[in-house]
Amino acid sequence: MKTYVFLSALLVALVVTVTAHPTKYHIENPELWMEKMANGSLPPFYSYHIHCLFVPHQNSSVKPAMEFRKQLVNHFQLDDTKHCGDGEHNPSVCLFDIDSEPGDSGNPFLSGQWAVFLTLDKFQEYVTWTMQNRGDNVIFIHPNSGFQKMDHNQWALWQGGMWPLRPDALCDHC
């Protein structure tokens, strides 16, 4: 019981810097996983997201972010007309709709952003390319394990600096 209380308090403390465009994975027994995590076991990652953040309505921020998106689409020959489903796992790499207005329901970003969904086998290829080609864009990369708060706090990568986000938009395990 003390371990569960400690982990719950730790998760609440981590919420301060949370971000996401969630892909939801059903965790059958989240309490059991919380106990396993307290003993050093960690949940598997099922996929990843790469987000490119920008300041809406500020051309000096929006333009490079959209140009970078176009470069990514062209380099990886993605279909920009077929976007990812709404919060579900996808069988292949796909683009999410562009979020130009921050703070939409269920969206923790306080900025505009666009995102790409990655399957596990595409992580190294896409992240390497992103690191080498992002220019001055701010990039946020996170896994999807079903534990959104951990995915976006403890296990995430930032390139170009961290931006504030809305912590109440993520669930502990969903």
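Everything discussed here concerns the structure shown above.
Residues numbered from 1 in each chain as written. Predicted model: local features only at pLDDT ≥ 70, side-chain atom pairs only at ≥ 80, totals over all residues. Heavy atoms only, no water.

Student: How do you make sense of the pairing of strand S4 (residues 138–144) when you look at a structure like this?
Tutor: When a strand is regular, its side chains alternate between the sheet's two faces. Of all seven residues in S4, seven are buried; the element is thus mostly enclosed. With burial as the criterion, each face of S4 is covered, one bearing Val 138, Phe 140, His 142 and Asn 144 and the other bearing Ile 139, Ile 141 and Pro 143. The pairing of S4 with strand S5 (residues 157–159) spans three bridges and is antiparallel. Of the residues in S5, the one forming a bridge with Ile 139 is Gln 159. (Buried < 20%, exposed > 50% of the residue type's maximum accessible area, 1.4 Å probe, protein only. Helix = DSSP H or I, 4+ residues; strand = E, 2+ residues; numbered from the N terminus. Pairing = 2+ DSSP bridges.)

Student: Explanation requested: the state of the cysteines in the structure shown.
Tutor: Note: disulfide means a covalent bond formed between the sulfur atoms of two cysteine side chains. The tally for this structure, following the rule as stated, stands at one disulfide. One disulfide bridge connects Cys 84 with Cys 94, the sulfur atoms lying 2.1 Å from each other. What sets the handedness of the Cys 84 and Cys 94 disulfide is the S-S torsion sign, and at about 115 degrees it is right-handed. Remark: Cys 94 occurs in strand S2 (residues 94–95) and Cys 84 occurs in the loop between helix H3 (59–76) and S2; sequence separation between them is 10 residues. (Disulfide = S-S within 2.5 Å.)

Student: Quick question: what am I supposed to make of the pairing of strand S3 (residues 112–119) here?
Tutor: In terms of burial, S3 is largely enclosed, as eight of its eight residues are buried. Burial along S3 is two-sided: the residues Gly 112, Trp 114, Val 116 and Leu 118 and Gln 113, Ala 115, Phe 117 and Thr 119 are all buried. Taken together, the eight bridges between strand S1 (residues 47–54) and S3 define a ladder with antiparallel strand orientation. In the sheet register, His 51 faces S3, and the bridge partner there is Ala 115.

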